[in-house]
Each structure stands twice: as C-alpha cells, then as structure tokens.
There are 2 protein chains.
Amino acid sequence: MATRTDAPTRREQILKEAARLFAERGFHGVGVDEIGAAVGISGPGLYRHFAGKDAMLAELLVGISESLLTGAKRRLAEANGAGGVAPGAVLDSLIEGHIDFALDDRPLITLHDRELDRLRDADRKLVRQLQRQYVELWVAVVRRLYPDLTEPAARSAVHSVFGLLNSTPHLTRPGSLPDRAGTAELLHRMARGAFAAAGA
Amino acid sequence: MATRTDAPTRREQILKEAARLFAERGFHGVGVDEIGAAVGISGPGLYRHFAGKDAMLAELLVGISESLLTGAKRRLAEANGAGGVAPGAVLDSLIEGHIDFALDDRPLITLHDRELDRLRDADRKLVRQLQRQYVELWVAVVRRLYPDLTEPAARSAVHSVFGLLNSTPHLTRPGSLPDRAGTAELLHRMARGAFAAAGA
DNA sequence: CCTCCAGGTTAACGACCGCTAACCTCCCTG
DNA sequence: CAGGGAGGTTAGCGGTCGTTAACCTGGAGG
C-alpha cells in the first residue's frame, strides 16, 4: 500500500515537481537536470528512482487517469448503493469530484490533455482506455438525466464540460481569483447549466 | 493588404503547417526539418522566410490574438451601430465568432493557450495584452446581461466558457463527430446555459 | 545577353539533452 | 565490525537540434 500520511517519498517528490515543470514548460521543454534540481539532487540521480524521463510522464498520466476513473466509479457505486438516488444527484457528485481534482492538482489536469502523445504506444493506449471509460461513465449518467440527448451529442457535451472544468489553470493569476469554495461553486453551477442547455 | 483569395504565399503555407505540427507535438517537439518537409522544402530553407523557429510561433500567436480581438470589436461595433441591440444578441454574436474560429482553426486555438510561455518577453507581453482586451470585452458584455455578477466572477465565467468552446480539438476523433452546424449549435447553447447559470 | 536576386541546396558547427559508467558514502544488518 | 546495498556524485558519450556558411539556379529586367 502507498504511504499516504507519511512524509512524501523521494519518488513522490520527484513526480510532483516533474508534474509542475511539465505543465509549465512542456515535456520537451524540461531537462532532467531541472527536475533533479527541483528536489535537491542533481541530474542523473533521478535514474535511481525512474527508468527515464518518459517513465515519469507515463506514471503521472496513468496515475491521473486511474485516479479520476476510480473516484468516479466509487461515487457511482455509493449512489447506486444508496437505493437509487436521483440522477441529478449522481451528476452533481461526478462534477464535484472532477472539480476537486482540477482545483487540487492543477498541473496534473494540465498534463492530462496536453502531453498524452509523448507516451510510448502501450502507455498511451492504456491512458486512452482509462479516459474513455471515464467519459462513457459520465455519458451514461448524463443520458439518464437528459434522455433526449443522442449519444454523440452527450459525448460532445461531456467533453465540452471537461473543457469548462479544466479551465481552472487559466484562472491562476495568483491572488486575483476568489476563494476556492466560491470558484468550485461557480464552476459547478456553470457545468449544470451547460448540461441543462445541451439537453433541451 | 494580405492576399486572401490568391494562392497562398510560401510564408502562409509555412505558418499553416507549423501551426498544425506545433499543435500536434508541441513547440519543442517539432524540428525545423519537419516543418520544412511539410511544405516541400527542407530544413534551413525556412530561414529565407523567418528569422527562426521562435519567430514562426510569435507570428502565429500574435496573429491569433489580433484576429480574435479584431473580430470581437467589429461585432460589438456592428451591434452598437444598429441602434442598441439587446445584450443577449451581442453575446450571441461573440459566441458565434469564437465558435467559428475554434472550429475553423483548431490548431491555432490549441496553440493559443498552450505555447504562450515559449515566446520572447516582448512578444509574450503583446499577446497577453491582446488576450486581456479580448477577455475584458466579453466581461463587459456578460455583465451588461447579468448585472448581478461581480467582476471577478464574470471574468472566471468567461474563462470557463472559453475552456468549453476551445474543447473542440478534443472532439476530433475524425468521422465520429456530428456535422459542423450541429456542433456549433450545441456549443452555442451550452455556452449560453453556462453563463445563465453563472448569473443566477 | 548579361546580371542579379529570390529562394533554394548541402555541410557543418556548437550547444544541449538523455542516459550510462564509474565511483563514493552513509547506514543498516548479521 | 565487516560489508553491502540504497542513493547519491561527476565525467562523458552519442544523438539531435537550431542556426549559419557557402554555394547553386532559374527567371525577370535593363
């Protein structure tokens, strides 16, 4: 099991800093020396923890996709286990989970739809499969709430709402944005409004 | 004036292919030899048309920002010239313009919010200033339509709707998306719905 | 017909980058 | 108290990349 409350592992430090740097300057724009410097070691010391630069990106992207999908499945199961919650409440739960992720792990959300093509074939296929499962899970919930939506329209709507929710990195002129709770609530309302408009 | 209906200039060919490649693989992920090959010349021949790789990116990003801002100003002037159109109609016009751009110049819309940090300081400041003017123009229109929105909230809402509208590149599993008109209309409805929900 | 330049070509340079090799140094363990 | 592995270090190799240099060529203009 992973150490969650302990002090962060070296590996975890490296992944966190790598995510930040990749998001800021792009995968090819960051050198291994910079990543090392960000955690206090220098250059090739990283190779004691990762097979290479590609492996860091792969672990980040797979981790993100798995985390999103796992969280969504858990929320869906909780709703179903609670004896048939209203479809709107399930959608609210999915939206809330996605917003939490987007606000708490901004660099990861940026990487998630930006550096996918830098992966080796096997990893890219895995990430895409996880992403597709995540999308299809949303599509099913949205169509249950708005049965008039065709499946392609629902899928487009879901992708568009992801674009809306993932826009938080662009609000990052630090100090100028409202508080976290207010931002989360605004994004949530807008996402619901967008779906409602799509389903009409 | 630029040649619009004539055969495209070499410069224009290069810019178009560079935009596509930068959007696909990132600025640092594309070599000058590839850009040259994409227009039938090879490698250093590009330096007869541009001062360097950076100059191509700069011209692309400045062009995008200017084009978006100019179009929005024109639409606003048309509305004001027509003797006070309803605020909702002005917002519709802005949304329509942005959607046209996002659907017709997908690679450019991708570059626009992804490779800004690769610019030299002067160019980056110019692009950011143009982008800010574009955002503020939207914010003013949105606040006229939804006066209860605070300015920070309106700005966040505008950025979020940009995220929604700019999500079109993610729908590009070619052949699977509905027709252009249908996509445009869906995006338009969702954007209006998101704004309406934000303003409540 | 000569000239000249716009727009190419190939060769090559210098910088950088990912990665490996070789070595060092704690610290934990038997 | 050996000793050995985990986790560093620096040096350096091989490849790639952006850019420059030097040269070539076809076609327009006097």
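Counting of residues starts from 1 at the beginning of each chain's written sequence and follows it residue by residue. Key to labels: chains lettered from A, ligands numbered from 1, both in the order written. Given that the model is predicted, a residue must reach a pLDDT of at least 70 before its local features are reported, and side-chain atom pairs must reach 80 or more before they are shown or counted; all residues, however, enter totals for whole chains, interfaces and linings. To get the side-chain values, take all heavy atoms of the structure and skip hydrogens and water.

Named according to an unreviewed UniProt entry, chain A is TetR/AcrR family transcriptional regulator originating from Streptomyces erythrogriseus.

Colleague: Could you give an account of the protein's contact with DNA strand D, with specific residues and numbers?
Modeller: In the vicinity of DNA strand D there are 15 residues, among which Arg10, Arg48 and His49 of chain A together with Tyr47 and Lys53 of chain B approach most closely. Throughout this document, a residue counts as near a molecule or strand when at least one of its heavy atoms sits within 4 Å of that molecule or strand. Atoms of DNA strand D within 4 Å of the protein belong to the sugar or the phosphate in 49% of instances, the rest to bases. N or O atoms closer than or at 3.5 Å make up a polar contact, with two conditions inside protein: a donor-capable atom paired with an acceptor-capable one, and, for residues adjacent in sequence, both atoms drawn from side chains. In this structure, Arg10 of chain A approaches DNA strand D through a side-chain N or O atom, which is 2.6 Å from a phosphate oxygen. Within the backbone of Val30 of chain B, one N or O atom sits 3.2 Å away from a phosphate oxygen of DNA strand D. Looking at the surface near DNA strand D residue by residue, the class counts come to six nonpolar, five polar and four charged. Gly falls in the polar group here, along with every residue not listed as nonpolar (Ala, Val, Leu, Ile, Met, Phe, Trp, Tyr, Cys, Pro) or charged (Asp, Glu, Lys, Arg).

Colleague: So what's going on with empty space enclosed by the protein? Which residues, and what values?
Modeller: A pocket, in this scheme, is an open set of points on a 1 Å grid over the protein atoms alone with protein on both sides within 12 Å along at least 5 of 7 lines, while a cavity is a set where a 1.4 Å probe fits but cannot get out; residues line either one if an atom lies within 4 Å of a point. Grid points are joined across faces, edges and corners, and a volume is the space filled by probe spheres set on the points. Under the defined criterion, the tally for this structure stands at one cavity of 30 Å³ or more. Considered as a void within the structure, the largest cavity measures approximately 110 Å³ in volume. Residue lining of the largest cavity: 17 residues in total, with Gly26 and Glu115 of chain A together with Gly26, Glu115 and Arg118 of chain B positioned closest to the centre. A per-class count over the lining of the largest cavity returns three nonpolar, six polar and eight charged.

Colleague: If you had to explain the pattern of salt bridges to someone new, which residues and values would you point to?
Modeller: Residues and elements named next belong to chain A. The salt bridge criterion pairs a side-chain nitrogen of Lys or Arg with a carboxyl oxygen of Asp or Glu, the two atoms within 4 Å. Applying the stated criterion across every chain yields a total of 32 salt bridges over all chains. Arg75 serves as the salt-bridge partner of Glu96, at 3.6 Å between the closest nitrogen and oxygen. Here the residue Glu96 occupies a position in helix α4 (residues 87–104), and Arg75 occupies one in helix α3 (residues 53–81), the gap between them amounting to 21 residues. Buried means the residue's accessible area, taken with a 1.4 Å probe over protein chains only, is under 20% of the maximum for its type, while exposed means over 50%, and partly exposed covers the values in between. For Glu96, a relative accessible area of 41% translates into the label partly exposed. The buried category is assigned to Arg75, whose relative accessible area is 17%. Among the salt bridges present, the one from Glu185 reaches Arg189, with a minimum N-O distance of 3.0 Å. Residue Glu185 and its partner Arg189 are located together in helix α8 (residues 180–198), separated by four residues, close to a single helical turn. The class of Glu185 is partly exposed, set by a relative accessible area of 45%. Taking relative accessible area as the criterion, Arg189 reaches 26% and is therefore assigned partly exposed. Salt bridges here are not isolated pairs; linked through shared partners, they connect Glu136, Arg143, Glu151 and Arg155. Runs of H or I in DSSP of at least four residues are treated as helices and runs of E of at least two as strands, each being numbered from the N terminus.

Colleague: Help me get a handle on the protein's contact with DNA strand C, residues and values and all.
Modeller: Around DNA strand C sit 15 residues in total, of which Tyr47 and Lys53 of chain A together with Arg10, Arg48 and His49 of chain B are the nearest. Counting only the atoms of DNA strand C within 4 Å of the protein, the fraction contributed by sugar and phosphate is 52%. Within the backbone of Val32 of chain A, one N or O atom sits 2.9 Å away from a phosphate oxygen of DNA strand C. Between DNA strand C and the protein, one listed contact pairs a phosphate oxygen with a side-chain N or O atom of Arg10 of chain B at 2.6 Å. Taken together, the residues that form the surface near DNA strand C break down as six nonpolar, five polar and four charged.

Colleague: Explain the nonpolar core to me, using residue names and the numbers behind them.
Modeller: Only buried residues count toward a nonpolar core. Its members are Ala, Val, Leu, Ile, Met, Phe, Trp, Tyr and Cys residues joined through side-chain atoms within 4.5 Å. Counting 126 residues, the largest nonpolar core has Trp138 of chain A together with Trp138 of chain B as its most contacted members. Contacts are assigned to residue pairs with any non-hydrogen atoms lying within 4.5 Å of each other. If we ignore the near neighbours within four places in the chain, the residues touching Trp138 of chain B are Leu91, Leu94, Ile95, His98, Val158, Phe162, Leu165 and Phe195 of chain B.

Colleague: Explain the packing of helix α3 (residues 53–81) of chain B against helix α6 (residues 121–145) of chain B residue by residue, including any values.
Modeller: Residues and elements named next belong to chain B. All axes are obtained by fitting lines to C-alpha atoms, using only the stretch in contact for helices, and the reported angles, taken between N-to-C directions, cover 0 to 180 degrees. For the pair α3 and α6, the least separation of the axes is 9 Å and the interaxial angle reads 25°. When the axis of α3 is compared with that of α6, the two are roughly parallel. The way α3 lies across α6 gives a crossing that is left-handed. Note on element contacts: α6 touches α3 through Asp123, Leu126, Val127, Leu130, Gln131, Gln133, Tyr134, Leu137 and Val141, opposite Ala58, Leu61, Val62, Ser65, Glu66, Leu68, Leu69, Ala72, Lys73 and Leu76. Each angle gets one of four labels, with under 35 degrees taken as roughly parallel, over 145 as roughly antiparallel, 65 to 115 as roughly perpendicular, and the rest as oblique. We call a crossing left-handed when the near helix sits turned anticlockwise from the far one by less than a right angle, and right-handed when that turn is clockwise.

Colleague: Go over the interface of chain B and chain A, please, and point to the residues and values.
Modeller: The partner chain A presents 31 residues to the 31 residues of chain B that form the contact. The buried area of a pairing is the accessible area, by a 1.4 Å probe, that goes missing from both parts when the two are put together, added over both. Summed over both partners, the interface of chain B with chain A buries about 2,700 Å², with 62% contributed by carbon and sulfur atoms. By the criterion of area lost to chain A, the three top residues of chain B are Arg114, Ser160 and Met190 of chain B, representing 19% of everything that side buries. The tally of links from chain B across to chain A stands at zero salt bridges. At the boundary of chain B and chain A, one finds eight residue pairs in polar contact (both at pLDDT 80 or more). Of the residues belonging to the side of chain B that touches chain A, the class tally is 13 nonpolar, 10 polar and eight charged.

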